[in-house]
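Working through the structure, step by step
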Amino acid sequence: MSKNEHDWWKKGVFYQIYPRSYMDRNGTGCGDLSGITDRLEYVAKLGVDGVWISPFFSSPMADFGYDVSDYRTVDPMFGSNDDFDILLKRAHDLNLKIIIDMVLSHTSIEHAWFKESRIGKDNRKADWYVWADAKEDGTPPNNWQSVFGGSAWTFDTRRGQYYLHNFLKEQPDLNFHNPAVPKQMLSECEYWLERGVDGFRLDVINFCFHDKELRDNPPRDKNAFTTGVQVESPYPYTMQSHIYDKSQPENLGFLKSLRELMDRYPGTMTLGEIGDDDPYKLAVEYTSGKDYLHTTYNTHLISGTDARNITPETIEVPFKEFMSQAGDGWPSWAFSNHDVVRSATRWGKDVQNKEAFAVLLNKLLLSLRGTPFLYQGEELGLPEASIPFEKLQDPWGIFLWPEWQGRDGCRTPMPWYEDKKNAGFSTADETWLPIPHDHVVRAVDKQLEDPDSVLHQTQKFIHWRKEQPALQLGEIEFLDTDNDSLIVFERHHDNQKMRCIFNLSEEKIIYDNVEVGALGTHYQEL
């Protein structure tokens, strides 16, 4: 395999699929792997190069698959291991790479490892999770907070100790300081590499190690960035500086071992999710050289839930900050995913022409330096769905209601057919989340019939991008415009140099003798 083939992920475009909501083939109201297989030809025609599939492993679904009870089996709600093999073969036949979501820092409380660990302090798995004694007054060992609310510690009466969970109490943290744990997690990864996957998206990969001394986190500088919580009001997790509960230096050793494993499977790649108070610094550490991760994506472009207008600074400030530290690290970018308010809503508060705005966002994402990740439905211009409280499924959203409805608004099922039951997603009487009317009218079949639709324009642009080395691998330089409605940058690679202009306003703008239409884009070879 040539070097260029090894680096396919650098110039490629990824498409994220949330399996619960993509396509339901067996009529349960939830999506499944066979449903994804049925829609892979659609994905391939988009022109993307790879697909990231969110978790489908066995799980009690306290956090919708991010609480794994068995890493080596497909949960029955999604199908079987054979169904995954069929999906993988079909994808490869269509020249699509498949990366899967590995959740390595924690498991489900129902995992056999945790069930054994909680029995007592002297069994084989006793030290596989993070256990600690209560303080003399019975309170938790320290002040660490859960991302999902409340203390990061829960007392277990069987063991007589507290266990750590950075997320839900049903998601106990593994103890990576025990050498047996990272060894086991590498084995879980190797199992799927042997089945033929092309890489991993690594969930909250900086959470693997904790401070062995269990020191309290200090208060957070009020001006510091924090990630992982989608509310703007005071919230305990955002009130701490997270220097002890995650992002520990020992994590680099594990990432090096993971990279050594990946290198035994040429052409595979790793995408790290980093949630940290200083994500730029950590991303540089985790991607520099060839010893650690291949790439990480930055959370600044997907953080926050408040509906606000996009400005040049929205893109330029975090991008410039990242690139100023990046060295030889290669970034990845997303505007939306399964955890945040969809960008069409988050950044389009006052926009009237929603379709044109969606096209602009997709082109902008696909033009930045780095690997772009489109989230299912972005190619349709789907807005955030509004979910009534009684229909909410996300435990985080239920906890934060009414400040935020949680993550359900971006997880609703894909609309495939405007005039079919459940928009063609499922034949069930009821889907796991409702499909809003403003999604149904943006269904795939309707957009396929319209050459000016968001879908057609996005598809056309992805295919055009394949012929532009500057957009795939080029350096980037942002240009000052003195206009809050313009984002302008130049990309250059080898003999190609291209200027990219994005008009964020709904009025035409003339820039450097070039007229750019309302919510329009302009690409000019120099």
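Here goes a summary of the coordinates provided. Quantities reported herein were computed from a predicted structural model and do not represent experimental measurements. (Residues numbered from 1 in each chain as written. Predicted model: local features only at pLDDT ≥ 70, side-chain atom pairs only at ≥ 80, totals over all residues. Heavy atoms only, no water.)

A word on the packing of aromatic side chains
Under the defined criterion, the tally for this structure stands at 39 aromatic pairs. With a centroid separation of 5.3 Å and 65° between ring planes, the pair formed by F478 and F489 is classed as edge-to-face. With F478 in strand β14 (residues 475-478) and F489 in strand β15 (residues 486-493), this residue pair connects regions lying eleven residues apart in the sequence. Taking the relative accessible area as the measure of exposure, F478 reaches 11% and is therefore buried. Residue class for F489 comes out buried when judged on its relative accessible area of 0%. Within the aromatic cluster, the residues linked to one another by ring pairs are F56, F57, Y71, F84, W113, W128, Y191 and W192. (Phe/Tyr/Trp six-rings, centres within 6.5 Å; stacked < 30°, edge-to-face > 60°. Helix = DSSP H or I, 4+ residues; strand = E, 2+ residues; numbered from the N terminus. Buried < 20%, exposed > 50% of the residue type's maximum accessible area, 1.4 Å probe, protein only.)

Side note on helix α8 (residues 251-263)
Between its terminal C-alpha atoms α8 stretches 18 Å, which fits the 18 Å expected from 13 residues at 1.5 Å a residue. Those residues of α8 that fall on the buried side of the exposure criterion are N251, F254, L255, L258, R259, L261 and M262. Around the axis of α8, the buried residues are gathered within 155° of arc, so they sit on the same side. Against the buried residues of α8 lie α7 (180-195), β9 (199-202), β10 (269-273) and α9 (279-287). (Expected span 1.5 Å × (residues − 1). Arc of directions from axis to C-beta. Contact = heavy atoms within 4.5 Å.)

Digging into the packing of α7 against α8
The interhelical angle for the contact between α7 and α8, taken along N-to-C directions, is 25°, at an axis separation of 11 Å. Regarding the angle of α7 to α8, the classification is roughly parallel. In this structure, α7 meets α8 at a crossing whose hand is right-handed. Facing α7, whose interface residues are P182, M185, L186, C189, E190 and L193, α8 presents F254, S257, L258, L261 and M262. Here the contact of α7 with α8 is built from residues that sort into nine nonpolar, one polar and one charged. (Axes fitted to C-alpha atoms, helices over the stretch in contact; angles between N-to-C directions. Parallel < 35°, antiparallel > 145°, perpendicular 65-115°, else oblique. Left-handed = near helix turned anticlockwise from the far one by under 90°. Nonpolar A, V, L, I, M, F, W, Y, C, P; charged D, E, K, R; others polar.)

Describing a nonpolar patch on the surface
Together, F389, I398 and W401 make up an exposed nonpolar region whose accessible area comes to about 280 Å². Here W401 is to be found in the loop between α13 (395-400) and α14 (437-440). (Patch = residues over 30% accessible without salt bridge, like charges linked within 9 Å, V, L, I, M, F, W, Y side chains within 5 Å. Areas by Shrake-Rupley, 256 points an atom, 1.4 Å probe, with all protein chains shown as cover. Salt bridge = Lys/Arg side-chain N within 4 Å of Asp/Glu carboxyl O.)

Quick look at the sheet that holds β15
Across a sheet, paired strands are connected by hydrogen bonds in the backbone, their directions being either parallel or antiparallel. Judged by pairing direction, the sheet is antiparallel, and its four strands sit side by side in the order β14-β15-β16-β19 without closing on themselves. Strands with a single pairing partner mark the edges of an open sheet, and in this sheet they are β14 and β19 (521-525). Going across the sheet, the axis of each strand differs from the next one's by a mean of 20°, ignoring polarity. Most of the contacts of helix α10 (residues 312-325) go to β14, to which it runs at about 130°, and overall it touches β14 and β15. (Pairing = 2+ DSSP bridges.)

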